[in-house]
Protein chains: 2
Amino acid sequence: MLRLSKLTDYAVVVMVRLAEVSPGSNPDVQTSPGIAAATGVPEPTVAKVLKTLAATGLVTSQRGARGGYRLARPLHAISVSEVIAAVDGPIALVACVDGSLNECESQGLCPVRGRWDPVNDAIERALSGITLADMREAAVPPLFRVPALMPAAE
Amino acid sequence: MLRLSKLTDYAVVVMVRLAEVSPGSNPDVQTSPGIAAATGVPEPTVAKVLKTLAATGLVTSQRGARGGYRLARPLHAISVSEVIAAVDGPIALVACVDGSLNECESQGLCPVRGRWDPVNDAIERALSGITLADMREAAVPPLFRVPALMPAAE
DNA sequence: TGTAACAGGACTGCTTCGGTCCTGATTGCT
DNA sequence: AGCAATCAGGACCGAAGCAGTCCTGTTACA
């Protein structure tokens, strides 16, 4: 699997949406309900994701009436690894890496203690090279979205 | 997190162990209990991992008495991505990638449909470049493996 | 002063994983 | 030929983490 959480996926969706400033309606911030309506993600979940992202500094928040959220940086300056780290916590494949070295039950026997570090680094490096702008533009070209492949959607 | 399962970690441990043919005792195969004793991983778990690996072809099995397991290829010819794919299933970060395209509830709205593919590919590429031999050699220097830490094993 | 929106929790149902066990099929040895 | 050792392939259960919701403040604008 090597699956990342759904929240991370939502975070990307939300941030990409956040980059598309709705023309005219709001000055520069967007509210949770608005993003929820635009993306199809449930409102409470959007709010949760945004709060997490705000706590990490990837988005900035404006409190009070007429408040909302805004990207702290443009899409091309935010790497995927940052988003993952913000939502899912630091990238750590196994318990051995990171700091918790004294948990492994088979201490002296385990012949791969710490060996996941290079793997972690490789993934970290690969993810740092991809920005949200890449994810927004790179994939599915508009031509690909033929109506036949999108049954009754959009 | 981006955490992979413990089973994958065990798989690496077991396969590295499998590469170290116990001198003299067995001709070329090793049994589940033997590997369990050598690695400290519980026997049923070792058996489960080995069965999974055998089903994928990463190790070959010899049934019957005096049977056991053996690496299908040398360590340096087995990439980490193969092991992960064998144990945890295909590398797919989110449900959107791979084949299941019709599950996403917010079909037409989701602005990053398929966008995870490049991320997946990047990770796949990073992981393909690392072999089990790398994981075995890179980290913890041999000096660390003092005999005192290998109690009554083999 | 009232309202709209974020902040930051706690809480619960659920999925998935980790781990164990059981019953067969196969092969080597006696 | 019979027995024992070993793999094969499930089913099964408990635990842990996640997804999602909700509630109570706090802030800022009209």
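Scroll up a little and you will see the structure.
About the criteria used
Residues numbered from 1 in each chain as written. Chains lettered and ligands numbered in written order. Predicted model: local features only at pLDDT ≥ 70, side-chain atom pairs only at ≥ 80, totals over all residues. Heavy atoms only, no water. Helix = DSSP H or I, 4+ residues; strand = E, 2+ residues; numbered from the N terminus. Expected span 1.5 Å × (residues − 1). Buried < 20%, exposed > 50% of the residue type's maximum accessible area, 1.4 Å probe, protein only. Core = buried A, V, L, I, M, F, W, Y, C linked by side-chain atoms within 4.5 Å. Contact = heavy atoms within 4.5 Å. Pairing = 2+ DSSP bridges. Polar contact = N/O pair within 3.5 Å; in protein donor to acceptor, adjacent residues only side chain to side chain. Salt bridge = Lys/Arg side-chain N within 4 Å of Asp/Glu carboxyl O. Near = heavy atom within 4 Å. Nonpolar A, V, L, I, M, F, W, Y, C, P; charged D, E, K, R; others polar.

Draft legend 1. Representation of helix 1 (residues 6-19) of chain A within the structure. All names here are of chain A. With 14 residues, helix 1 extends 20 Å from end C-alpha to end C-alpha; this agrees with the ideal 20 Å at 1.5 Å per step. Helix 1 sits mainly inside the fold: ten of its 14 residues count as buried. Among all positions of helix 1, only T8, D9, Y10, A11, V12, V13, V14, M15, V16 and L18 are buried.

Draft legend 2. Spatial organisation of the nonpolar core. Among the nonpolar cores identified, the biggest contains 75 residues, and M15(A), M15(B) and L53(B) are the most heavily contacted of them. The residues contacting M15(A), other than those within four sequence positions of it, are L53(A), L58(A), V59(A), L71(A), L75(A), I78(A), V83(A) and L132(A).

Draft legend 3. The arrangement of the pairing of strand 2 (residues 68-71) of chain B in detail. Here strand 1 (residues 59-62) of chain B runs beside strand 2 of chain B; their pairing, made up of four bridges, is antiparallel. Within the sheet, the bridge partner assigned to S61(B) lies in strand 2 of chain B and is Y69(B).

Draft legend 4. View of the side chain of Q30(B). Mapped onto the elements, Q30(B) comes out in the loop between helix 1 (6-19) and helix 2 (32-39). Of note is the side chain of Q30(B), whose polar atom sits 3.4 Å from the backbone oxygen of L18(B).

Draft legend 5. Local environment of the pattern of salt bridges. Residue and element names in this part refer to chain A. Evaluated as defined, the whole model comprises seven salt bridges over all chains. In this structure, the salt-bridge partner of E20 is R136, at a minimum N-O distance of 3.8 Å. Taken together, the residues E20 in the loop between helix 1 and helix 2 (32-39) and R136 in helix 6 (residues 132-137) connect sequence positions 116 residues apart. Given the relative accessible area of 34%, R136 is considered partly exposed.

Draft legend 6. Representation of the protein's contact with DNA strand C within the structure. Residues in close proximity to DNA strand C total 24 residues, the closest being K51(A), S61(A), Y69(A), K6(B) and K48(B). For DNA strand C, the backbone portion of the atoms within 4 Å of the protein, that is sugar and phosphate, comes to 66%. Contact distances for DNA strand C include 2.4 Å between a phosphate oxygen and a side-chain N or O atom of S61(A). A distance of 2.8 Å separates a base nitrogen of DNA strand C from a polar side-chain atom of K48(B). Sorting the residues of the surface near DNA strand C by element identifies strand 1 (59-62) and strand 2 (68-71) of chain A together with helix 1 and helix 3 (43-56) of chain B as the ones contributing at least two each. Here the element with the most residues in the surface near DNA strand C is helix 1 of chain B; it accounts for three residues. Tallied by class, the residues present in the surface near DNA strand C amount to seven nonpolar, eleven polar and six charged.

Draft legend 7. A look at the protein's contact with DNA strand D. DNA strand D sits among 24 residues. The nearest are K6(A), K48(A), R63(A), S61(B) and Y69(B). One nitrogen or oxygen atom from the side chain of T45(A) is found 3.4 Å from a phosphate oxygen belonging to DNA strand D. Mapped by element, the contributors of at least two residues to the surface near DNA strand D are helix 1 and helix 3 (43-56) of chain A together with strand 1 and strand 2 of chain B. Residues belonging to the surface near DNA strand D are distributed by class as follows: eight nonpolar, eleven polar and five charged.

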